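What the coordinates show
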Amino acid sequence: NNYASSLVDLRRFEEAKALLRKTIPVARRVLGEDDRLTLKMRCVYAGALCQDPNATLDDISEAVTTLKEIERTARRVLGGAHPVTEEIEGDLENARAELRAREAEAVRVAECDALQRDLDATQARIAALNARKAEAIGKLTPPGDAQTDK
């Protein structure tokens, strides 16, 4: 757990996540779901998911789900005033805020994409109208009346 925490502190998120994906199942089996070390390991894993700048919306959502699960367990096993429980609660609050921010950003990106598609379609219509206008002007102008450069 200390090694994984150090990897997160060093911002080596992929290594931390890979290590914890291997060790958490062992801790669950050997120590049990309710063990303080198992809870801390899962908390570090959720932190690695949230803090990774390359995290996807699914990663952040997984972190929130994990933290909700371990928060309930920590509260039941350790009590609400225990430092581990309080740490998990703070991490859960931060993960929820990150999830809300990422979801809002996804909405903004989708709205921008829709606006860009509308703009592209409008520009295409304008180009088609300009082409039709040029064609119509060309039909109205007699061949001998075309202006020439002086």
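Look up a bit, the structure's there.
Residues numbered from 1 in each chain as written. Predicted model: local features only at pLDDT ≥ 70, side-chain atom pairs only at ≥ 80, totals over all residues. Heavy atoms only, no water.

**Looking at helix α1 (residues 2-9)**
Taken together, the buried positions of α1 are A4, L7 and V8. With its buried residues spanning 100° around the axis, α1 presents them on a single face. For α1, the exposed residues lying more than 90 degrees away from the buried face are N2, Y3 and D9. For α1, the secondary structure elements touched by its buried residues are α2 (13-30) and α3 (36-51). Directly beyond the C-terminal end of α1, a positive phi value near 65° is found at R11. (Buried < 20%, exposed > 50% of the residue type's maximum accessible area, 1.4 Å probe, protein only. Helix = DSSP H or I, 4+ residues; strand = E, 2+ residues; numbered from the N terminus. Arc of directions from axis to C-beta. Contact = heavy atoms within 4.5 Å.)

**Digging into unusual backbone geometry**
Non-glycine residue R11 carries a positive phi angle of around 65°. Exposure remark for R11: the relative accessible area of 52% places this residue in the exposed category.

**Examining the layout of surface pockets**
Taken as a whole, the largest pocket encloses approximately 260 Å³ of empty space. Lining the largest pocket we find 15 residues, and of these C43, A46, G47, Q51 and D91 sit closest to its centre. The greatest single-element share of the lining of the largest pocket, amounting to 7 residues, is contributed by α3. Taken together, the residues of the lining of the largest pocket break down into 7 nonpolar, 4 polar and 4 charged. (1 Å grid on protein atoms, 1.4 Å probe; cavity = no way out; pocket = protein on both sides within 12 Å on 5 of 7 lines; lining within 4 Å. Points joined across faces, edges and corners; volume = space filled by probe spheres on them. Nonpolar A, V, L, I, M, F, W, Y, C, P; charged D, E, K, R; others polar.)

**A look at the pattern of salt bridges**
Close approach of charged atoms lets side chains of opposite charge pair. Within this structure, the stated rule accounts for 13 salt bridges. A salt bridge links E87 to K40, with the nearest nitrogen and oxygen atoms 2.8 Å apart. With E87 in helix α5 (residues 83-140) and K40 in helix α3, the pair connects residues that are 47 residues apart, well separated along the chain. Where R108 meets E105, a salt bridge forms, and the shortest distance between an N and an O atom there is 2.8 Å. Of this pair, R108 and E105 are both found in helix α5, 3 residues apart, which corresponds to roughly one turn of the helix. R108 sits in the partly exposed class, given a relative accessible area of 43%. A residue is classified by how much of its surface remains accessible, and E105, at 39% relative accessible area, is partly exposed. In the salt-bridge network here, residues are joined through shared partners; they are R28, E33, R42 and E69. (Salt bridge = Lys/Arg side-chain N within 4 Å of Asp/Glu carboxyl O.)

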